[in-house]
Amino acid sequence: MGIFRSIYLNLSSEDKLRKKSDKMFSKLKKVGFYEKEGSKHMRLANKYNDYVNAIGSKCASKLPKRKHGWYISKDD
């Protein structure tokens, strides 16, 4: 991953990343996986994975936490 993409993924909001990943997913569906366009598909798929991972890392802080680890919210 390039330096500029890394900075963009860290600084942009979750909503912007979701919009961008939706656009990339539609491009992936258009390209398909053909023999001669396989490298183009892999480049797009790698970028899409970077965006999805960035979204996941931004969402992780919103999950409920407890003293002993991660749990589903449950009233004790």
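Student: What is the right way to read the overall build of the protein chain from this model?
Tutor: Counting its secondary structure elements, the protein chain contains 3 helices and 2 strands. Listed by position from the N terminus, the elements making up the protein chain come as α-α-α-β-β. Counting the 76 residues in the protein chain, one finds 22% classified as buried. Across the protein chain, every contact between residues at least 6 apart in sequence was considered, and the portion connecting residues at least 24 apart equals 51%. A total accessible area of about 6,600 Å² is found for the protein chain, and carbon and sulfur atoms account for 55% of it.

Student: Got a minute to help me understand the confidence of the model for the protein chain in this structure?
Tutor: When pLDDT drops low, the exact placement of atoms in the prediction is not to be read closely. Residue-level pLDDT values for the protein chain average 77, and 68% of them are 70 or greater. Averaged pLDDT values for the elements of the protein chain fall to 60 in strand β2 (residues 69-70) and rise to 87 in helix α2 (residues 14-31).

Student: Help me understand the pattern of salt bridges in this model?
Tutor: Between side chains of opposite charge, a pair can form as their charged atoms come close. Throughout the structure, instances matching the rule amount to 2 salt bridges. Its salt-bridge partner being Glu14, residue Arg18 comes within 2.9 Å of it at the nearest N-O pair. Taken together, the residues span about one helical turn, with Arg18 and Glu14 both in helix α2 at a distance of 4 residues. On the basis of relative accessible area, Arg18 is assigned to the partly exposed category, the value being 38%. For Glu14, a relative accessible area of 16% puts it in the buried group.

Student: Would you mind showing me how to read the nonpolar core here?
Tutor: When a protein is soluble and globular, its nonpolar side chains tend to lie buried together. If you look at the biggest cluster of nonpolar residues, it comprises 10 residues: Leu9, Leu17, Met24, Leu28, Val31, Leu44, Ala45, Tyr51, Ala54 and Ile55. Breaking this core down by element, the ones donating at least two residues are α2 and α3 (38-59). Looking at this core, the element that brings in the most residues is α3, giving 5 residues. For Ile55, the residues in contact, after removing those within four places along its chain, are Glu14, Leu17, Arg18 and Ser21.

Student: What should I look at first to understand α2 in this one?
Tutor: Since the α-helix packs 3.6 residues into each turn, any two residues three or four apart lie on the same face. The end-to-end C-alpha distance of α2 is 26 Å, a good match for the 26 Å that 18 residues give at a rise of 1.5 Å each. Those residues of α2 lying buried are Glu14, Leu17, Ser21, Met24, Leu28 and Val31. Down the axis of α2, the sector holding all buried residues measures 100°, keeping them to one side. Residues of α2 that are exposed and point over 90 degrees away from its buried face: Asp15, Lys16, Lys19, Asp22, Lys23, Lys29 and Lys30. Two residues or fewer after α2 comes Gly32, characterised by a positive phi angle close to 70°.

Here is what the cut-offs are and how they apply
- Residues numbered from 1 in each chain as written.
- Predicted model: local features only at pLDDT ≥ 70, side-chain atom pairs only at ≥ 80, totals over all residues.
- Heavy atoms only, no water.
- Helix = DSSP H or I, 4+ residues; strand = E, 2+ residues; numbered from the N terminus.
- Buried < 20%, exposed > 50% of the residue type's maximum accessible area, 1.4 Å probe, protein only.
- Contact = heavy atoms within 4.5 Å.
- Areas by Shrake-Rupley, 256 points an atom, 1.4 Å probe, with all protein chains shown as cover.
- pLDDT = per-residue confidence, 0-100.
- Salt bridge = Lys/Arg side-chain N within 4 Å of Asp/Glu carboxyl O.
- Core = buried A, V, L, I, M, F, W, Y, C linked by side-chain atoms within 4.5 Å.
- Expected span 1.5 Å × (residues − 1).
- Arc of directions from axis to C-beta.

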